[in-house]
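Listed below are the residues making up each chain.
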Amino acid sequence: MSDQQFSSAASLLERAAEWSADDASAAEPIVDWALPDDGLDRLRGRMQRLKSLPGSLNRPLRLAFCGENNAGKSSLINAFIGEDIAVASFLEFTFAPMLFRYAPERRARLESDNGPPRELPVDSLEAELTRLKDSPEAEHLQRIVVELPIPALKQYELADVPGLGADERNAAVAQAFTEQIDAVVFVLNAGLIGQSDMAAGIRSLIQEFPEVCLLVNKIDQIGFENADRMIDYVSAQDFGRPVPVFPSCARGVQSAEFDSPLPRQWMQAFRTSFIDRVAENAKSVQAATALAKCQRDLAVAESLLQTSCHQAGRACELVELVRGTLRESESVVLDRMEARLTEWLDREAFAEPAAELRSQFREVGAPSRAAVEALIAETFNGDTMDREARAL
């Protein structure tokens, strides 16, 4: 990706972020009215992610190792970096993602949503997380940041995201971290393949990230001689699009436990074919991932807004129908009133004054014009008009 293309991608993300902050916010009342259960929360969640996407281009590339529990992610990260990490024994903890980045000194930091970050020495982190794991405080822990003076971490950061795209129990925790990831290594346990259906979780990841690979770890459990057949089997699965699949035996990379060069060869092939390629194209990968997330977020927001507008349109149609019915009712009422008034005027209006006037004419005989006008004025005076109006 050229600098111009990268700049264009950044500009698009900025425009989406500005739209989410301004125009989309104006639609919140109608979404809350039209979708009272969860529409507003869903819209705000997508808008919050749109606002954060431009910043994802300004941080180091992040590679996530995820997958099912006991797939060997911790051993794999150790083998990938090239040395044992003191915190490897609890990399399988599932209540918070872990982020490994470069720093001149070894240290760790716990970040939660109910207080400031808490600094801890790396060597005491295992005991602290053991204490936190089953405590109420674990519900507030957002992530664990581990900083290590390891040269490989200068090129990219590594994230351990347990359960991402696979385990529903950890879906909420993992989903909150996905906007901070650029590429995914999904780790499978070779000894468990076929016993659990991971295809749906992998397909979900492939839809979310342009760069995804599968790493079949613990090949030793099925025998090194079966590695090729296992890779062919996994590659033949329908994940929505082709993805690279690599064999792995993390335990055999740094130890002499297995008398075979294959584990180191597999690790080197994985590093060269996927990790190094992604790292060399970091800007392109980050931009493509951010744009893909932006497209999905905008699509969800569009769906929410269209649904809300549809509901509002139906409400407007109902209001117009009611108004039309009221207009029709008003017309019927007026017609009836007019008919009754005409009937009353024809049959009853001024009957008593008219009879009195006829009687007076008989008494007067042949009155003059002036006398007639005087009799009419006297008969149809104000009191008479008030009385007839009340009768009406």
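What counts and what doesn't
Note on numbering: residues in each chain are counted from 1, in written sequence order. For this predicted model, a pLDDT threshold of at least 70 governs which residues receive local features, and a threshold of 80 or more governs which side-chain atom pairs are given and counted, while totals over whole chains, interfaces and linings are taken from all residues. Side-chain measures here rest on the full set of heavy atoms in the structure, leaving out hydrogens and waters. The helix count covers DSSP runs of H or I at least four residues long, the strand count covers runs of E at least two residues long, and both are numbered beginning at the N terminus. Relative accessibility under 20% of the residue-type maximum defines a buried residue, over 50% an exposed one, and the middle range a partly exposed one, all with a 1.4 Å probe and only protein chains included. Contacts: residue pairs with any heavy atoms within 4.5 Å of one another. The protein chains shown are the only cover counted for residues, whose accessible areas, like all others here, come from Shrake-Rupley with a 1.4 Å probe. We define a salt bridge as a side-chain nitrogen of Lys or Arg found within 4 Å of a carboxyl oxygen belonging to Asp or Glu. Residue types Ala, Val, Leu, Ile, Met, Phe, Trp, Tyr and Cys, when buried and joined through side-chain atoms within 4.5 Å, form a set referred to as a nonpolar core. Each patch groups residues whose relative accessible area exceeds 30% and which form no salt bridge, using 9 Å between like charges and 5 Å between nonpolar side chains of Val, Leu, Ile, Met, Phe, Trp and Tyr. Counted charges follow a simple rule, with Lys and Arg positive, Asp and Glu negative, and His plus the chain ends left uncounted. Taken as the charge location is NZ of Lys, CZ of Arg, CG of Asp or CD of Glu. Residue count minus one, scaled by 1.5 Å, sets the expected span of a helix. The directions from the helix axis to the C-beta atoms form the arc being described. Every residue is assigned a pLDDT by the predictor, reflecting its confidence on a scale from 0 to 100. When two rings of Phe, Tyr or Trp (its six-membered ring) have centres within 6.5 Å they constitute a pair, described as stacked for plane angles under 30 degrees, edge-to-face for angles over 60, and tilted for the intermediate range. Helix axes are fitted to C-alpha atoms over the stretch in contact, other axes to C-alpha atoms as well, and angles between N-to-C directions run from 0 to 180 degrees. Angles are sorted into four bins: roughly parallel if under 35 degrees, roughly antiparallel if over 145, roughly perpendicular if 65 to 115, and oblique for all others. Under the grouping applied here, Gly and all other residues not named as nonpolar or charged are polar, the nonpolar ones being Ala, Val, Leu, Ile, Met, Phe, Trp, Tyr, Cys and Pro and the charged ones Asp, Glu, Lys and Arg.

## Here's the deal with the overall build of the protein chain
- The secondary structure content of the protein chain amounts to 15 helices and nine strands.
- Split into buried and exposed, the 392 residues of the protein chain put 44% on the buried side.
- Taking the contacts inside the protein chain whose residues are at least 6 apart along the sequence as the reference set, 76% of them involve residues at least 24 apart.
- A total accessible area of about 21,300 Å² is found for the protein chain, and carbon and sulfur atoms account for 50% of it.

## With respect to the pattern of salt bridges
- Per the counting criterion, the structure on display carries twelve salt bridges.
- The closest approach of N and O atoms between Glu 208 and Arg 296, which form a salt bridge, is 3.4 Å. Pair noted here: Glu 208 is in helix α9 (residues 199–208) and Arg 296 is in helix α12 (residues 282–347), with a separation of 88 residues, a long-range link.
- Using a relative accessible area of 14% as the deciding quantity, one classes Glu 208 as buried.
- Exposure remark for Arg 296: the relative accessible area of 22% places this residue in the partly exposed category.
- One continuous salt-bridge network, built from bridges that share partners, spans Arg 107, Arg 109, Glu 111, Arg 143 and Glu 147.

## Examining the nonpolar core
- Within the largest apolar cluster, 44 residues are counted, with the highest numbers of intra-cluster contacts made by Ile 144, Leu 158, Val 185 and Phe 270.
- Ranked by the residues each element gives to this core, the list is headed by helix α11 (residues 262–280), at six residues.
- Ignoring any residue separated from it by four or fewer positions in sequence, one finds Val 185 in contact with Ala 64, Phe 65, Cys 66, Cys 213, Leu 215, Phe 270, Phe 274 and Ile 275.
- The next biggest cluster of nonpolar side chains, apart from the first, holds 31 residues, and it includes Leu 99, Val 161, Phe 186 and Ala 227.

## Section: a negative patch on the surface
- Together, Asp 32, Asp 37, Asp 38 and Asp 41 line one region of the surface with negative charge.
- Assignment of secondary structure puts Asp 37 in the loop between α3 (28–34) and α4 (39–52).

## Concerning a nonpolar patch on the surface
- A cluster of nonpolar residues, Leu 318, Leu 321, Val 322 and Leu 326, forms a patch on the protein surface that exposes about 400 Å² of accessible area.
- Take Leu 321: it is sitting in helix α12.
- For Leu 321, a relative accessible area of 56% translates into the label exposed.

## Digging into helix α1 (residues 3–21)
- Taking 1.5 Å per residue as the helical rise, α1 with its 19 residues ought to reach 27 Å, and the 27 Å between its terminal C-alpha atoms agrees with that figure.
- What α1 keeps buried is the set Phe 6, Ala 9, Leu 13, Ala 16, Ala 17 and Ser 20. The buried residues of α1 occupy an angular sector of 100 degrees when projected down its axis, which confines them to one face. Among the exposed residues of α1, those pointing more than 90 degrees away from its buried face are Asp 3, Gln 4 and Arg 15.

## Some words on the confidence of the model for the protein chain
- With 85% of its residues at a pLDDT of 70 or more, the protein chain shows a mean pLDDT of 79.
- Here helix α8 (residues 171–175) is the element of the protein chain with the lowest mean pLDDT, 60, and strand β9 (residues 245–247) is the one with the highest, 95.

## Re the packing of aromatic side chains
- A full pass over the atoms with the stated rule returns four aromatic pairs.
- Taking 5.4 Å as the distance between ring centres and 85 degrees as the angle between the ring planes, the aromatic pair formed by Phe 224 and Trp 266 counts as edge-to-face. With a gap of 42 residues between them, Phe 224 in the loop between β8 (212–217) and α10 (227–235) and Trp 266 in helix α11 connect regions that are remote in the sequence. Judged on exposure class, the residue Phe 224 and its partner Trp 266 are both buried.
- With centroids separated by 5.7 Å and ring planes inclined at 65 degrees, the aromatic side chains of Phe 246 and Phe 270 adopt a geometry described as edge-to-face. Of this pair, Phe 246 sits in strand β9 while Phe 270 sits in helix α11; the two residues are 24 residues apart in sequence, bridging distant segments of the chain. In this pair, the class of Phe 246 matches that of Phe 270, namely buried.
- Taken together, the ring pairs in this structure connect Phe 65, Phe 246, Phe 270 and Phe 274 into an aromatic cluster.

## Quick word on the environment of Ser 235
- You can see Ser 235 is positioned in helix α10.
- Relative accessible area serves as the criterion here: at 41%, Ser 235 is assigned to the partly exposed category.
- When the C-alpha positions of Ser 235 and Phe 246 are compared, they lie 9.5 Å apart, and in sequence the two are eleven residues distant.

## Points about the packing of helix α5 (residues 73–81) against α11
- With their axes 11 Å apart at the nearest point, α5 and α11 run at an angle of 80 degrees to one another. If you check the angle between α5 and α11, you find them roughly perpendicular. Taken together, the residues of α11 that come into contact with α5 (itself represented by Leu 76, Ala 79 and Phe 80) are Met 267, Phe 270, Arg 271 and Ile 275.
- Classifying every residue of the contact of α5 with α11 gives six nonpolar, no polar and one charged.

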